[in-house]
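Read off the chains here:
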Amino acid sequence: MSALSLQPDVFRRLAAQIAELSAEYLSGADARSLIPSLSGAEVAAMFDGAVPEAGVGDEVVDDLARLTNAVRIGNGRLFPYVVTPGESVAALADLYASVLNQNVTAWRSAPAAVAVEQCVIRWIAAAVGCAGFHGSLTSGGSAANLMGLAMARESRLPGNDEGATPGVVYASSEVHMSIPKAVGLLGLGRRNLRLIPTDDRFRIDLDALRRAIAEDEAKGRPGVAIVASAGTVNTGAIDDLAGAAALATEHDLWLHVDGAYGALAALAEPAKLEGLSLVDSVSMDAHKWLYQPLDCSILFYRDPEIARRTFAHSDDYVRPLSDDPVEGFAFFEQSLELSRRFRALKLWASIRYHGLSAFRAAIAADLRHALLLAERVEGEPALQLLAPVELSAVCFRWNDGTGEDALDDRNAAILSRMNQRGRVAISNATIRGSFALRACFVNHLTTDDDVVAIVDEVLVAAAETGDG
Ligand SMILES: Cc1ncc(COP(=O)(O)O)c(C=O)c1O
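Residues numbered from 1 in each chain as written. Predicted model: local features only at pLDDT ≥ 70, side-chain atom pairs only at ≥ 80, totals over all residues. Heavy atoms only, no water.

1. Regarding the overall build of the chain
Moving on, step 1. Tallying secondary structure elements over the chain gives 15 helices and 11 strands in all.
Moving on, step 2. Over its C-alpha trace the chain gives a radius of gyration of 24 Å, about what one expects of a compact globule, namely 23 Å for 468 residues.
Moving on, step 3. Across its three principal axes, the chain shows a C-alpha extent of roughly 70 × 60 × 45 Å.
Moving on, step 4. Buried residues in the chain amount to 50% of all 468 residues.
Moving on, step 5. Summing over all exposed atoms, the chain offers an accessible surface of approximately 21400 Å²; the carbon and sulfur share of this is 53%.
Moving on, step 6. Of note, the chain has its 41 positive side-chain charges centred 2 Å away from the centre of its 61 negative side-chain charges. (Helix = DSSP H or I, 4+ residues; strand = E, 2+ residues; numbered from the N terminus. Rg over C-alpha atoms; globule rule 2.2 N^0.38 Å. Buried < 20%, exposed > 50% of the residue type's maximum accessible area, 1.4 Å probe, protein only. Areas by Shrake-Rupley, 256 points an atom, 1.4 Å probe, with all protein chains shown as cover. Lys, Arg positive; Asp, Glu negative; His and termini not counted. Charge placed at Lys NZ, Arg CZ, Asp CG, Glu CD.)

Written out as structure tokens, the structure reads:
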């Protein structure tokens, strides 16, 4: 037997130790600093040893325990970017997914895993008002946005065989960086990405969009897609999806929605996402607002035929051997990935365990926490709200009214100080040119007290960094 093969009793022993370590981490996370106290050099030194030629055996569990001192902790006061501590049933199911090690290429290789993935696609599509959409799970919103735009390109300016033709993509100036990245990679030309100005709520200005489309049409430049945002990364702004859909139809453009952050809010407040059912494709990150451990994103699309036209290019060795619509199904004919992990299992198990209503309630709580923070900010004379709260991102700054000049530097210093203190983790954004402190709630562990702690920490950090 190979030295790599574990006896069942050894597996049980290691699994129990790692389960205990995980439980200790989870139960102790609330009391820990969010930022490791170790310096970069100290963290690097933990891993600068030579590769062990002989294994350390069970001592590897001690290594895992030591590593915990150098991770960014996930607890109820984690609010930077769009990150969640991760739901624990999903984490356990993820272990089982790795043990089962299904390669979710096609039904032929992973029958149950394909069925589970199709099941969660069906559940979530229906829950967000897109019943009947097809889709697949991806590593993240960036991959889902790339795939959505690849389909847009193949539907309007096919480039798979002859090479890409430059074509115009429209999005707001608040669009996520994954969109220019995708436009570049797809050979459409980043110069052809029109960044349309936004209104006072950071939503795409549809009149300006209409004018930009007309100008490009008049000059004979081929249009490919409108990318609407359902939850911009800075402020959570949601573009007018129905308005964007009408323009897309009128001008024969594909409508992709980057809903990586915000589209799942439809579970709690469908009215905010009105028009979502009208789109051609939409990305949603379950590792953001369904609290899943990384990685777990979903790309939904209306027309599987366009997905096949975009992604199907199969060698004989993988070709399904069955004409049966279930047994002949292959994700790789609708995705850029061939080998794919069993991502759907954690999401399926976590929804099965808690029920969808628990997720709706957690999202509703995040939305309420954002409003609570905004209210606290507005009630505090030294703080200033910098953007309307549309979803769960709150952008604000410390401002004692002594003048604009030093405010950016001062708020950057406050953020650094907060990071050193490690009690609350937030990040930053640039709002109409100003440095903003930004807290984003996609955290099922957060309590009202944790929200209040943000304001307390900003004020303490302001006092510690100046005459605050
Ligand atoms: C609006 C938006 N789109 C796309 C992405 C990219 O998602 P991922 O990091 O999963 O690739 C993010 C990530 O924060 C986002 O907020």
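That shown, we press on.
2. A word on the sheet that holds strand 3 (residues 193-196)
Moving on, step 1. Spatial ordering of the open sheet is given by 1-7-6-5-4-2-3, a layout of seven strands whose pairing is mixed. The open sheet is flanked by strand 1 (134-138) and strand 3, the only strands paired with a single partner. Here the strands of the sheet are splayed against their neighbours by 20 degrees on average, with no regard to which way each runs.
Moving on, step 2. Strand contacts of helix 9 (residues 241-250): strand 4 (223-229) and strand 5 (254-258), with the helix running at about 175 degrees to strand 4, the strand carrying the most contacts. (Pairing = 2+ DSSP bridges. Axes fitted to C-alpha atoms, helices over the stretch in contact; angles between N-to-C directions. Contact = heavy atoms within 4.5 Å.)

3. Points about the site of the ligand
Moving on, step 1. The local shell around the ligand holds 15 residues, among which Gly-141, Ser-142, Asp-258, Asp-285 and His-287 are the closest.
Moving on, step 2. One of the side-chain nitrogen or oxygen atoms of Asp-258 is found 2.7 Å away from a nitrogen atom of the ligand.
Moving on, step 3. Between an oxygen atom of the ligand and a side-chain N or O atom of His-287, the distance comes to 2.9 Å.
Moving on, step 4. Coverage of the ligand by the protein amounts to 83% of the 380 Å² it exposes when considered alone.
Moving on, step 5. For the shell around the ligand, the secondary-structure elements that each account for two or more residues are helix 6 (141-156) and helix 10 (286-289).
Moving on, step 6. Ranked by residues supplied to the shell around the ligand, first place goes to helix 6 with three residues.
Moving on, step 7. Partitioned by chemical class, the residues of the shell around the ligand number four nonpolar, eight polar and three charged. (Near = heavy atom within 4 Å. Polar contact = N/O pair within 3.5 Å; in protein donor to acceptor, adjacent residues only side chain to side chain. Nonpolar A, V, L, I, M, F, W, Y, C, P; charged D, E, K, R; others polar.)

4. Overview of a nonpolar patch on the surface
Moving on, step 1. Together, Leu-6, Phe-11, Leu-95, Tyr-96, Val-99 and Leu-100 make up a nonpolar patch on the protein surface, roughly 570 Å² of accessible area in all.
Moving on, step 2. The greatest single-element share of the nonpolar patch, amounting to four residues, is contributed by helix 4 (residues 88-100).
Moving on, step 3. Mapped onto the elements, Leu-100 comes out in helix 4. (Patch = residues over 30% accessible without salt bridge, like charges linked within 9 Å, V, L, I, M, F, W, Y side chains within 5 Å. Salt bridge = Lys/Arg side-chain N within 4 Å of Asp/Glu carboxyl O.)

5. Here we look at the nonpolar core
Moving on, step 1. With 73 residues, the main nonpolar core has Tyr-170, Leu-209, Ile-226, Leu-276, Trp-289 and Phe-300 as its most contacted residues.
Moving on, step 2. When residues in this core are grouped by element, the largest group, eight residues, is from helix 5 (residues 111-127).
Moving on, step 3. Other than its neighbours up to four places away in sequence, Trp-289 contacts Tyr-261, Gly-262, Leu-264, Ala-265, Ile-363, Asp-366, Leu-367, Leu-391, Ser-392, Phe-441 and Val-442.
Moving on, step 4. Within the second largest apolar cluster, 29 residues are counted, among which are Met-418, Ile-426, Ala-439 and Ala-462. (Core = buried A, V, L, I, M, F, W, Y, C linked by side-chain atoms within 4.5 Å.)

6. A closer look at unusual backbone geometry
Moving on, step 1. Residue Asp-295 follows Leu-294 across a cis peptide bond; omega there is -10 degrees.
Moving on, step 2. The topology assignment puts Asp-295 in the loop between helix 10 and strand 7 (297-301).
Moving on, step 3. Of note in the backbone geometry, Phe-202 takes a positive phi value of approximately 65 degrees without being a glycine.
Moving on, step 4. The topology assignment puts Phe-202 in the loop between strand 3 and helix 8 (206-218).

7. Considering the pairing of strand 5
Moving on, step 1. For strand 5, the buried fraction is high: five of the five residues fall into the buried class.
Moving on, step 2. In the sheet, strand 4 pairs with strand 5 via five bridges, with the strands oriented parallel. Looking at strand 5, one finds that Val-227 is bridged to His-256.
Moving on, step 3. At this point the chain moves from strand 4, through helix 9, to the parallel strand 5, and the crossover so formed is right-handed.
Moving on, step 4. Strand direction decides the pairing type here: strand 5 and strand 6 (residues 281-285), joined by three bridges, are parallel. (Right-handed = clockwise from strand over helix to strand, strands pointing away.)

8. So, the packing of aromatic side chains
Moving on, step 1. Going through the model one piece at a time under the given rule, you end up with four aromatic pairs.
Moving on, step 2. With centroids separated by 4.9 Å and ring planes inclined at 90 degrees, the aromatic side chains of Phe-329 and Phe-331 adopt a geometry described as edge-to-face.
Moving on, step 3. When the ring centre of Phe-331 is taken as reference, the NZ or CZ atom of Arg-340 above it lies at 4.4 Å.
Moving on, step 4. Over the face of the ring belonging to Trp-398 we find Arg-410, whose NZ or CZ atom lies 4.1 Å from the ring centre. (Phe/Tyr/Trp six-rings, centres within 6.5 Å; stacked < 30°, edge-to-face > 60°. Lys NZ or Arg CZ within 6 Å of the ring centre and 35° of its normal.)

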